[in-house]
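What follows is each chain in one-letter form.
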Amino acid sequence: MSDNEDTLTIRDNRTGNEFTLPITDGTINAMEFRQIKEKEDDFGLMVYDPAFKNTASCRSAVTLIDGDKGILRYRGYPIEQLAEHSTFLEVAYLLIHGDLPNQVDHDAWVHDITIHTYVHQFVLRAMDGFKWDAHAMGKMVSLLGSLSTFYPDSKNVRDPALRHEHIVKIIAKMPTMAAWCFRHSQGRPYVYPDNDLDYVGNFLNMLFRMAEPRYEVNPVLRKALDVLFILHADHEQNCSANAARAVGSSEADPYCSLAAATAALYGPLHGGANEAVLRMLREIGDVKNIPAFVDNCKNGEQRLMGFGHRVYKNYDPRARIIKGLAHEVFEITGNNPLLEIALELEKIALNDEYFVKRKLYPNVDFYSGLIYQSMGFPVEMFPVLFAIPRAAGWLAQWSEMLADDAQKIARPRQIYVGAGERSYIPIDKR
Ligand code: CMC
């Protein structure tokens, strides 16, 4: 292939001028368009792409999604292999450091995370300021932001040692704060971390331990949650990763950047979808109501939550793994009556022309809520269970953004469509 073939030639029909722009990695650098002007003092052409539908905002080596083939890989490793053989903490190491750890690095990483699970006692005072029915995600956003005030040195985002220290702290403290959000809403006393337990076992202990001297962690449920954590750990440039990068690009500290990412995840079109799926299945209530519900989705009156994805135009590989996991969990917890509705809904949707034509398949959130519910989580905790592991992905994306010389403060352009200049009119003259 000649050099010439890696270019794009554009003719500006306003002026007759031709421009040859380089194509790199299948993209044109948007700044190349600025040289295309009608008059010398023009600003130059911009590209218009609301919601970043066709804009690469960064170069990233963290996660690959092939949406047409239904492929997801972290740092090159297929999600199926990681879910089968790895643990969440090992995957977190992989996302942050770029490679799987050897035994020594693994043990040091797990040790560092384990000894940072305690959260400052004053955070509990902040928690007590919330109403008893405050949503767990709203609390998580606030608590994460509040940690920024405990660690002012985290503002030194250009210091690699401090960056690493706070990455460890955040991954370590997410389950503690999440469990405390849950205990707060239940009106139960807080349980402190137990460093004899592993990451997920410790989380389950802080959530569910009551008066027993030692909480017995069920190994099947522990493993299932660990796999769910692996599946949720990163998903390239999604809405919340983009929020972490955008806020982090102003060199805000990682606690504030992750509070922003958590807020982005909260929405029902993103991490809040698992909660919305469960509410939807409850609302449907019976398989006989599915056809009418599906008709409403097709009429645009509502969305089939847990279906569709900006990138996947095939079965979400995470959904496939979770569907298998659900059966293992239900053997321990008993069958979830909503499963029958979910399975039938999936079957009907996958055979319906509306969904087939638009390539709408179940995504990660379609079955995860059923597992969470069977494990004893209230729906408000579902997005929090997404946020805990996703913190590793956000931190990997945030670190990569800071190390990338091409990145600057995120600051999009706009097409101004408002009024032209007008003179102020005093209120008694309006
Ligand atoms: N139910 C019914 N119709 C849908 C759905 C759905 N869940 N999703 C998309 N469509 C239709 C949409 O109405 C549009 O139809 P038309 O071309 O006739 O206007 C077409 O499919 C394309 O949809 P879109 O809204 O342009 O697609 P998008 O890429 O902007 O949105 C999405 C992606 C995930 C926000 C959307 O599919 C959705 O709202 N799904 C339900 C919420 C959900 O499950 N979110 C979790 C996503 S996975 C977890 C995560 O990463 O956050």
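Residues numbered from 1 in each chain as written. Predicted model: local features only at pLDDT ≥ 70, side-chain atom pairs only at ≥ 80, totals over all residues. Heavy atoms only, no water.

Comments concerning the packing of aromatic side chains
Following the criterion strictly, the structure yields 18 aromatic pairs and no others. Residues Phe208 and Phe377 carry aromatic rings whose centres are separated by 5.5 Å and whose planes lie at 55° to one another, so their mutual orientation is tilted. Residue Phe208 is found in helix H7 (residues 199–208), and its partner Phe377 is found in the loop between helix H16 (365–374) and helix H17 (382–403); the two are separated by 169 residues along the sequence. Look at Phe208 and you get buried, because its relative accessible area is 17%. For the pair Tyr372 and Phe377, a centre-to-centre distance of 6.3 Å together with 90° between the ring planes defines the contact as edge-to-face. On the basis of relative accessibility, which here comes to 0%, the residue Tyr372 falls in the buried class. A residue is classified by how much of its surface remains accessible, and Phe377, at 4% relative accessible area, is buried. What links up through ring pairs into an aromatic cluster is the set Phe182, Phe208, Tyr372, Phe377 and Phe382. One residue, Arg320, lies across the ring of Tyr315, its end atom 4.6 Å from the ring centre. (Phe/Tyr/Trp six-rings, centres within 6.5 Å; stacked < 30°, edge-to-face > 60°. Helix = DSSP H or I, 4+ residues; strand = E, 2+ residues; numbered from the N terminus. Buried < 20%, exposed > 50% of the residue type's maximum accessible area, 1.4 Å probe, protein only. Lys NZ or Arg CZ within 6 Å of the ring centre and 35° of its normal.)

Some details on empty space enclosed by the protein
Tallying each qualifying case throughout the model produces one cavity of 30 Å³ or more. Looking at the largest cavity, its volume works out to about 50 Å³. Considering the residues around the largest cavity, the lining is formed by Leu89, Ile113, Thr114, Thr117, Asp194, Asn195, Leu197, Asp198, Tyr199 and Asn202. Elements with a minimum of two residues in the lining of the largest cavity: helix H3 (103–114) and H7. In the lining of the largest cavity, the residues fall into four nonpolar, four polar and two charged. (1 Å grid on protein atoms, 1.4 Å probe; cavity = no way out; pocket = protein on both sides within 12 Å on 5 of 7 lines; lining within 4 Å. Points joined across faces, edges and corners; volume = space filled by probe spheres on them. Nonpolar A, V, L, I, M, F, W, Y, C, P; charged D, E, K, R; others polar.)

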